[in-house]
Amino acid sequence: MSRLSKRQKWVLNGQMERVLEPQLPVPGDECFENRGHWATRCFAKDRPITLELGCGKGTFSVELARSFPERNFVGVDIKGHRFYTGAQQAEDLGLDNLVFLRAQIQQIERYFGPGEVSEIWLTFSDPQPKDGKGTKRITSGRFVERYRKLCQPGGIVHIKTDSPLVYGLALEELGPNFLYQTEDVHGPWLQTVPEPLRSLLAFQTPYEKRWIAEGRKIAYLSLAL
Ligand SMILES: C[S@@+](CC[C@H](N)C(=O)[O-])C[C@H]1O[C@@H](n2cnc3c(N)ncnc32)[C@H](O)[C@@H]1O
């Protein structure tokens with residue numbers, strides 16, 4: 001099959017049940033209609049919700065949803081044509097526990113209510129090297145304070161990155177109490193991690209594959225909120 005254009009993917013997204021593309025940005029003081037009601041309005045069952053923020057093609061979200069049928073997942077990205085791939089896979093696999101949401105992560109509190117989320121994955125987030133204040137880098141302390149509002153107490157934030165800047169700033173801004181931290185997730189360290197986290201960390205996102213092919217090390221850390 002020939003490659004689809006962005007425009008074709010946008011059109012196809014509009015026909016998929018698992019894709020949510022509300023108005024952007026959320027206007028005025030409004031909130032997205034599912035906020036506080038995800039379990040009943042969007043998913044077949046009321047189960048803990050995990051977000052992948054900046055999910056790109058959404059292949060890791062698909063892996064999460066396949067691995068944990070007893071949980072619900074939302075892949076979030078501003079670029080709908082990217083997560084078309086994951087949405088199509090979710091449809092083909094009949095995953096009823098995964099949806100994709102087009103949204104600006106800066107507005108994430110307008111989409112999820114207090115305590116509605118149990119885990120967040122930040123995979124290969126853009127480093128935003130000029131963003132000294134952390135207003136764009138979605139792994140910054142500012143953003144994690146936002147995530148704290150959405151998450152249940154003890155909710156977990158996972159950061160996986162090829163960027164020494166993202167990793168270094170996360171150590172500085174979010175530490176010192178991490179659940180796990182490593183500068184080389186695919187090295188011998190991985191064998192010390194219990195399942196199912198070990199298998200999840202072994203899974204490689206499209207960006208990760210590219211960076212590994214270039215010889216870069218992949219770092220990971222996680223913290224409980
Ligand atoms: C480097 S890509 C990583 C994609 C994917 N996580 C992976 O590992 O293959 C970063 C993604 O984050 C998205 N993104 C960056 N900033 C965002 C924001 N403020 N709101 C929503 N999406 C954002 C981009 O559109 C892009 O798809």
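For every chain, the first residue of its written sequence is number 1, and the numbers climb from 1 along that sequence. Residues qualify for local features only when their pLDDT is at least 70, as the model is predicted, and side-chain atom pairs are given and counted only at 80 or more; totals for whole chains, interfaces and linings, by contrast, use all residues. Excluded from the side-chain calculation are hydrogens and water; included are all heavy atoms of the structure.

Chemist: What exactly am I supposed to notice about the layout of surface pockets here?
Modeler: Gaps left between atoms show up when a probe the size of a water molecule is rolled over them. Two kinds of site are reported from a 1 Å grid over the protein atoms alone, namely cavities, where a 1.4 Å probe fits but cannot get out, and pockets, open sets with protein on both sides within 12 Å along at least five of seven lines, and residues are called lining when an atom falls within 4 Å of a point. Grid points are joined across faces, edges and corners, and a volume is the space filled by probe spheres set on the points. As a volume, the largest pocket reaches approximately 950 Å³. Lining the largest pocket are 36 residues, and of these Gly56, Asp77, Lys79, Arg82 and Tyr207 sit closest to its centre. Contributions of two or more residues to the lining of the largest pocket are made by helix 1 (6–13), strand 2 (49–53), helix 4 (80–93) and helix 8 (206–213). By definition, any uninterrupted DSSP run of H or I lasting at least four residues is a helix, any uninterrupted run of E lasting at least two residues is a strand, and each is numbered from the N terminus. Take the lining of the largest pocket: its biggest share by element is 4 residues, from helix 4. Its residues assigned to classes, the lining of the largest pocket shows 12 nonpolar, 12 polar and 12 charged. The calculated volume of the second largest pocket comes to roughly 250 Å³. Lining the second largest pocket are 16 residues, with Glu119, Ile156, His158, Leu197 and Leu200 positioned closest to its centre. Going through the elements one at a time, strand 5 (117–123), strand 6 (151–161), helix 7 (197–202) and strand 8 (219–224) are the ones with two or more residues in the lining of the second largest pocket. Residue type decides the class: Asp, Glu, Lys and Arg count as charged, Ala, Val, Leu, Ile, Met, Phe, Trp, Tyr, Cys and Pro as nonpolar, and the leftover types, Gly among them, as polar. Tallied by class, residues from the lining of the second largest pocket come to 11 nonpolar, 3 polar and 2 charged.

Chemist: Just to check I follow, could you spell out the side chain of His81 for this structure?
Modeler: Inspection of the secondary structure assignment puts His81 in helix 4. Every residue in contact with His81, bar those within four places of it in the chain, is listed here: Lys6, Lys9, Trp10 and Asn13. When checking whether two residues touch, look at their non-hydrogen atoms; a contact exists if any pair is within 4.5 Å.

Chemist: Explain the site of the ligand here, please?
Modeler: Here a residue counts as near a molecule or strand whenever at least one of its heavy atoms sits within 4 Å of it. Among the 18 residues in the neighbourhood of the ligand, the closest are listed as Gly54, Asp77, Arg82, Thr123 and Thr205. Residues adjacent in sequence count toward polar contacts only when both atoms are side-chain atoms; beyond that, a polar contact is any pair of N or O atoms within 3.5 Å, and within protein one must be able to donate a hydrogen and the other to accept it. In the model, a nitrogen atom of the ligand is placed 2.8 Å from a nitrogen or oxygen of the Gly54 main chain. Taking Tyr207, its main chain carries an N or O atom lying 3.4 Å from an oxygen atom of the ligand. Areas reported as accessible are Shrake-Rupley estimates using a 1.4 Å probe. Residue values count occlusion only from the protein chains shown. Compared with its free state, where it exposes 600 Å², the ligand has 91% of that area covered by protein. Structurally, the ligand is housed in the largest pocket. Molecules are considered to sit inside a cavity or pocket once more than half of their atoms lie within 2 Å of its grid points.

In short, geometric facts, not functional conclusions.
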